[in-house]
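Listed here are the chains, written in short residue letters.
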Amino acid sequence: MNHDRIIEVSNLSKTYYSKKRKSLIKSEKTKVQALKNVSFHVNQGEIFGLLGPNGAGKTTLIKILTTLLLPTSGTVRINGFSLDQERGIKMSIGAMLMGERGLYWKLTGRENLKYFGALYHVPKKLCEDRIENLIDLLELEDYIDRTVETFSSGMKMKMVFARALINDAPILMLDEPTNTLDVKEARRLRKIVKEHNESENKTIIYCTHQMYEAEELCHRIAIIDQGQIIALDDPLELKDGLRQSDILSIEGTIPEEARLAVNSLPGVTSANILIKRSNNGSTVEKPYLSVVCEDSHQILPVIISTLNVKGAIIRNIDKQETTLEDVFVNITGRSLMDDTRQSDTSN
Amino acid sequence: MVLQSTDVSLNDHLGVLLGTFIVRVKIISRYKGSLLMDVLIPLFLAAMPILLGQAMAGSTAAASSNFQQNTGLTEANYIAYMIIGANVFSSITTSFWLFGLFIRREQTLGTLESLFMSPAHKLSILAGLTLYVEARSLITFVLGYTLGCVIFGVNPLQGQVLLALFILLLGLIPVNGLSFLLGALVLKVKQANTIFNTFQWPLAIISGIFFPITVLPIFLQIFAFMFPGFYLTHDIQAALIGLKWFFGNVFLDLGVLFAFAIICPLIGYWLFAKTEARSKRAEGIGQF
Ligand SMILES: Nc1ncnc2c1ncn2[C@@H]1O[C@H](COP(=O)(O)OP(=O)(O)O)[C@@H](O)[C@H]1O
Ligand SMILES: [Mg+2]
C-alpha cells in the first residue's frame, strides 16, 4: 500500500430509497443512485477538488467519508482507518458541510468553538489558544462574543469554517464552503485554505460546483456527474484534452434546429446552449451557444452561414479561453450550473 | 501522518459531559421565562383539581375527608398531594421529552450532524444531558413545590424533604432512559410534535398525579405499574405527606426505582443505537 495515499476510496456506491407520496394513502418507493462505483485516492498534502453540478453526489460522498452515512457498497480508508474504525476517522477529519448550519444559535461564537473543542477532546488551554489564532486568521474579533443568532450568513459560514479547524486534524473536508460568502470573502477563504494546505501540509478535499474555485485551488480535480467520476486529473491536464480545440461563444437567438445543425458540422466537437450569468446589481442570465471546434478560423464562416440558414440571429461572437466548464460541457453536454438532482430514476 | 492513538481518557469523557451540561445550562438561561414557566405551570395545574375538589365536596374539609377514604391521607394533605403531583409531573415531562426534543432541535439546527461527526462518545453527551435535566428538575421542583405550598397554605416541610429530593433524582433517571426511546422514534418517524401530543395526556393519567392509581380501570393500572414515573410520583408523595409506601416500606420502593434506573436507560440506549445505525444505512441521521 502506498503511504502517501491518505484517503483511498474504492468502488463506492450509495443508493437512497425514499417514499414518494402519490396520494393520501398511496406511496411509492423511489430509488436514487447518488454514487455509482466511485474510486479515487487523495495524496497526503494535496488539495483535491470534487467538481460537479448540484445533485452530482458530492455531499453524499463527504457524508460517507465523515461517517455520517454508510455506503451501499465499496470501501474507504482514511488516514489508515476503515469505516468501521469510526473514532480514528473522526479524529482525522475536520469538516464543513451543510453550509452555515451546525452551530448553536443561543451560544456565542466562542462558546460554540469551546464546546466543539471539548467534543474533539482538545485540551482546554490548547483549545483557547487555537480559538485566539482562529479569531486572528478569520477576522472574527468583532462578533466572536455575540450569540450566533445575530450573525449574517457570511459570519456563520466563517464560524463553521473555524469549527472545522478547531481539532487541527490532518484532513479537512470542505463542502461548498464559499456558498453564502460574497466575492471578496470567498476569495479570502480560498486564500486561507491554500495557506493552510501549504504551511500546515494539510490534506484538503474541496467540493464545489464553481469551476474557477476548483481551478484556482486544487492540485487534482475529480469531475463528478450523476454519481460518477467522469474525469480526474490536474487542472492543466484536464484542459489539455481540449487545448487543440477552440471554443466559440455565440450570443443571439439560436433555435434548437440551428444548434443541431452546427453540432453535426464536420470539425465541430460539440455545440451546446449554455447560460452566462453576469452579476451587476441583479443577476442577469444570458443564453449563448458554446461551440467546441478544431480550428475556428477555418470553420467560423461555415458555422455562421449554417446558423443563418437555420434562422438564427447572431449578435456577438467571442473566442474563449478553455475552462473546466468547457471540459465538463464537452463530456456531458450540460453546464455545471445545471441542477441535476434526481427525484426518481426507476422504481 | 497517522494519529498516535485514538484512545480517549476519562478526562476526555468528563470534558464532553461537562461541556454538554454547561452548554445546556447556558442555552436555557438565554430563554428567559422558560424556567419561570416550569415553576408557574404546576401551580395552575394543581389549582384545577384542588378547586374542583372543593367545588364537588362543598368545602376543603369535605374534600379532604372524601379524599381520605381513598388514600388514608389526613387533613389538608389532599392539597399538598395535588401540588406534588403537578410538580413531579412537570419534571417527568421535561425528562421524558428531553431526548426526543433534543434530537429534533439538533436536527433543525444542523448540530446533530456536527455532534455525530465528532469523536465524542454518545454516552458522554447523554450523561451531560441527563445531568442537566436532573439539575433543572431539582431546582424547579423545590421552587414550584414551595411556592404552591405557600399560596395554598400548606406546610412544605412536614415530611422527609431530603428523601423526597433523592427520590426525585433517582426516579428521573429511568424516565430519562425512556426518553432515548422517544429519540429513536423521532429519528424514525420524524413527526416529533405528533408523538408528543399523543403521549402527553396518557402520561399524566398513568403517573397518577391527581388521584390514587386504584381509581383507574385495571388495564390502565397495568400501564402505570410499568411506568417508572408512577412510582416516582407515589414515592415522593409518600416521603413528603405520609402516603403508604407502594411496596410496604421505603427500601423496597427505592429498590424498584433503582432497578428501573438501570433497566430503562439500557433498553432506551440500545434501541436508539439500533435506530441510529439503521438511519445511517439509509439516508443519514440529519435528515428530517
Ligand atoms: N436523503 C436523501 N434521500 C434521497 N435522495 C437523496 C438524499 N440526499 C441526496 N439525495 C439525492 O442524491 C443525489 C446526490 O445528492 P448530493 O449528494 O446532495 O449532491 P451534491 O452535493 O453534489 O449537490 C441527488 O439526486 C439528491 O437528490
Ligand atoms: Mg451538496
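Provide a residue-level description of the overall build of chain A, including the pertinent values.
Of the regular secondary structure elements, chain A holds eleven helices and 14 strands. The principal-axis extents of the C-alpha atoms in chain A amount to approximately 75 × 50 × 45 Å. Out of the 347 residues in chain A, the part that is buried amounts to 53%. Sequence-distant contacts, at least 24 apart, represent 70% of the contacts inside chain A between residues at least 6 apart. Surface summary for chain A: the accessible area is close to 15,700 Å², and the carbon and sulfur share equals 48%. Counting 45 positive and 47 negative side-chain charges, chain A places the averaged centre of each group 8 Å from the other.

An account of the sheet that holds strand E3 (residues 47-51) of chain A is needed here, citing residue identities and associated values.
All names here are of chain A. The sheet built from six strands is open, its strands ordered E6-E7-E8-E3-E9-E10 with mixed pairing. Looking at which strands have only one partner, the edges of the open sheet turn out to be strand E6 (93-96) and strand E10 (228-233). Strand-to-strand, the axes of this sheet are offset by a mean angle of 15 degrees, without reference to chain direction. Where strand E9 (residues 220-225) lies against E10, five bridges are found, and the strand directions are antiparallel. By the bridge assignment, Ile223 is partnered in E10 with Ala231. This element, helix H5 (residues 153-165), spans E6 and strand E7 (171-175) of the sheet and lies at about 170 degrees to E6. Against the sheet, helix H6 (residues 183-200) touches E3, E7 and strand E8 (203-208), its axis set at about 155 degrees to E8.

Outline the state of the cysteines, supporting the account with residue identities and numerical values.
Under the criterion given, the structure shown has zero disulfides over all chains. The thiol of Cys218 of chain A is unpaired, and the distance to the nearest cysteine sulfur, on Cys207 of chain A, comes to 9.4 Å.

Go over the side chain of Arg24 of chain B, please, and point to the residues and values.
Within the fold, Arg24 of chain B resides in helix H1 (residues 10-29). A relative accessible area of 6% places Arg24 of chain B in the buried class. When neighbours within four sequence positions are excluded, Arg24 of chain B is seen to be in contact with Tyr104 of chain A together with Phe102, Arg105, Glu106, Leu129 and Tyr132 of chain B.

I'd like to hear about the pattern of salt bridges, residue by residue, with values.
Inspection of every chain in the model, using the stated rule, returns 28 salt bridges over all chains. Residue Arg110 of chain A pairs with Asp145 of chain A through a salt bridge whose shortest N-O separation is 2.8 Å. Highlighted residues: Arg110 of chain A in helix H3 (residues 109-119) and Asp145 of chain A in the loop between helix H4 (124-138) and H5, separated in sequence by 35 residues. Owing to a relative accessible area of 22%, Arg110 of chain A belongs among the partly exposed residues under this scheme. When the shortest N-O distance is used, the salt bridge between Arg130 of chain A and Asp168 of chain A registers 3.9 Å. With Arg130 of chain A in helix H4 and Asp168 of chain A in the loop between H5 and E7, this pair connects stretches of sequence that are 38 residues apart. Among the ionic contacts, a cluster of salt bridges with common partners joins Glu86 and Lys90 of chain A together with Lys280 of chain B.

Give me the lowdown on the packing of helix H9 (residues 256-263) of chain A against helix H10 (residues 296-309) of chain A, citing residues and values where you can.
Residue and element names in this part refer to chain A. At a closest axis distance of 9 Å, the pairing of H9 and H10 adopts a crossing angle of 150 degrees. Between H9 and H10, the crossing angle belongs to the class labelled roughly antiparallel. As for the relative orientation of H9 and H10, their crossing is right-handed in sense. Of H10, the residues touching H9 (which contributes Ala258, Ala261 and Val262) are Ile303, Thr306 and Leu307. In the contact of H9 with H10, the residues fall into five nonpolar, one polar and no charged.

Requested: an account of the packing of aromatic side chains, with residues and values cited.
Residue and element names in this part refer to chain B. Taken as a whole, this structure holds 21 aromatic pairs over all chains when the rule is applied. With centroids separated by 6.0 Å and ring planes inclined at 90 degrees, the aromatic side chains of Phe96 and Phe227 adopt a geometry described as edge-to-face. In this pair, Phe96 sits in helix H4 (residues 77-109) while Phe227 sits in the loop between helix H9 (218-226) and helix H10 (228-241), placing the two residues 131 residues apart along the sequence. In this pair, the class of Phe96 matches that of Phe227, namely buried.

Summarise the environment of Ile195 of chain B; cite the residues concerned and give the values.
Along the polypeptide, Ile195 of chain B turns up in helix H8 (residues 192-206). In this view, Ile195 of chain B contacts Trp97, Leu182, Leu185, Val186 and Val189 of chain B; residues no more than four positions away in its chain are not counted.

Residue-level account of the sheet that holds strand E5 (residues 81-82) of chain A, with values.
Residues and elements named next belong to chain A. In spatial order, the strands read E2-E1-E4-E5; together these four strands make up an open sheet with antiparallel pairing. Of all strands in the sheet, those with a lone pairing partner are strand E2 (27-43) and E5, marking the two edges. Bridging between strand E1 (residues 5-21) and E2 involves 13 bridges; their strand directions are antiparallel. If you follow Val9 over to E2, its bridge partner there is Phe40. Here helix H1 (residues 58-65) sits on the sheet in contact with E1, E2 and strand E4 (73-78), set at roughly 115 degrees to E1.

Can you tell me about the interface of chain B and chain A, naming the residues and giving the values?
With 40 residues of chain B in contact, the opposing surface of chain A contributes 38 residues. Summed over both sides, the interface between chain B and chain A buries roughly 3,600 Å², with carbon and sulfur atoms accounting for 61% of that surface. For the interface between chain B and chain A, the tally reads four salt bridges. The partner of Glu113 of chain B in a salt bridge is Lys63 of chain A, and the shortest N-O contact between them spans 3.5 Å. Ranked by the residues each element gives to the side of chain B that touches chain A, the list is headed by H1 of chain B, at nine residues. Considered class by class, the residues forming the side of chain B that touches chain A number 18 nonpolar, 13 polar and nine charged.

Run through the nonpolar core, naming residues and quoting values.
Core analysis: the biggest nonpolar cluster contains 173 residues, and Ile7, Ile78, Phe161 and Met173 of chain A together with Ile167 and Ile236 of chain B have the highest contact counts within it. Take this core: its biggest share by element is 17 residues, from H4 of chain B. Setting aside residues no more than four positions away along its own chain, Ile7 of chain A makes contact with Phe40, His41, Val42, Arg77, Ile78, Ile171, Met173 and Ile205 of chain A. Grouped together as the second largest cluster of nonpolar side chains are 15 residues, Leu248, Val262, Ile299 and Ile303 of chain A included.

Any chance you could break down the confidence of the model for chain B for me, citing the residues and the numbers?
Per-residue pLDDT for chain B has a mean of 87; in total, 97% of the residues score no lower than 70. On the interface metric, ipTM, the complex scores 0.89, and its pTM is 0.86.

Describe H10 of chain A, and please don't skip the residues or the numbers.
Residues and elements named next belong to chain A. Taking 1.5 Å of rise per residue, 14 residues should cover 20 Å, and H10 covers 19 Å from first to last C-alpha, within 8% of that figure. Those residues of H10 that fall on the buried side of the exposure criterion are Ser296, Ile299, Ile303, Thr306 and Leu307. Axial view of H10: buried residues confined to an arc of 95 degrees, hence all on one face. Exposed side of H10, more than 90 degrees from the buried face: His297, Gln298, Pro301 and Val309 are the residues found there. Residue Asp295 occupies the N-cap position of H10, its side-chain oxygen lying 3.2 Å from the main-chain nitrogen of His297.

Calculation rules
All residue numbers here refer to positions counted from 1 along the written sequence of the relevant chain. Working convention: letters from A go to chains and numbers from 1 go to ligands, in the order in which they are written. Local features in a predicted model are, by the rule used here, given only for residues with pLDDT of at least 70; side-chain atom pairs are given and counted only at 80 or more, and totals for whole chains, interfaces and linings are based on all residues. Calculation of side-chain values draws on the structure's entire complement of heavy atoms; hydrogens and water are dropped beforehand. Helix and strand definitions follow DSSP, with helices as H or I runs of at least four residues and strands as E runs of at least two, each counted in order from the N terminus. Exposure is judged per residue with a 1.4 Å probe applied to protein chains only, and the accessible area is read against the type maximum: over 50% gives exposed, under 20% gives buried, and values in between give partly exposed. Note on contacts: a residue pair qualifies if any of its non-hydrogen atoms lie within 4.5 Å across the two residues. For the accessible areas, the method is Shrake-Rupley and the probe is 1.4 Å, while residue cover comes only from the protein chains on display. Just so you know, the count uses Lys and Arg for positive and Asp and Glu for negative, and it drops His and the chain ends. Note on charges: their place is set at NZ of Lys, CZ of Arg, CG of Asp or CD of Glu. We call two strands paired when DSSP finds no fewer than two bridges between them. To define axes, lines are fitted to C-alpha atoms, for helices over the stretch in contact only, and angles between the resulting N-to-C directions are given on a 0 to 180 degree scale. By convention in this document, the label disulfide applies to cysteine sulfur atom pairs within 2.5 Å. Salt bridge criterion: a side-chain nitrogen from Lys or Arg within 4 Å of a carboxyl oxygen from Asp or Glu. Orientation is classified from the angle alone, with under 35 degrees giving roughly parallel, over 145 giving roughly antiparallel, 65 to 115 giving roughly perpendicular, and any other angle giving oblique. For a crossing to be left-handed, the near helix must be turned anticlockwise from the far one by less than a right angle; the clockwise case is right-handed. Under the grouping applied here, Gly and all other residues not named as nonpolar or charged are polar, the nonpolar ones being Ala, Val, Leu, Ile, Met, Phe, Trp, Tyr, Cys and Pro and the charged ones Asp, Glu, Lys and Arg. Classification of ring pairs rests on two measures: the distance between centres of Phe, Tyr or Trp rings, Trp counted by its six-membered ring, which must be within 6.5 Å, and the angle between planes, read as stacked under 30 degrees, edge-to-face over 60 and tilted in between. Using a 1.4 Å probe, buried area is obtained as the accessible area two parts lose upon being combined, added over both of them. To form a nonpolar core, buried Ala, Val, Leu, Ile, Met, Phe, Trp, Tyr and Cys residues must be joined to one another through side-chain atoms within 4.5 Å. As a per-residue quantity, pLDDT reports the predictor's confidence and falls between 0 and 100. In this analysis, the expected span of each helix is defined as 1.5 Å times one less than the number of residues it contains. Taking the helix axis as origin, the arc is that swept by the directions to the C-beta atoms. A 3.5 Å cut-off defines polar contacts: any pair of N or O atoms within that distance qualifies, except that in protein one atom must be a possible hydrogen donor and the other a possible acceptor, and neighbouring residues in sequence count only when both atoms are side-chain atoms.

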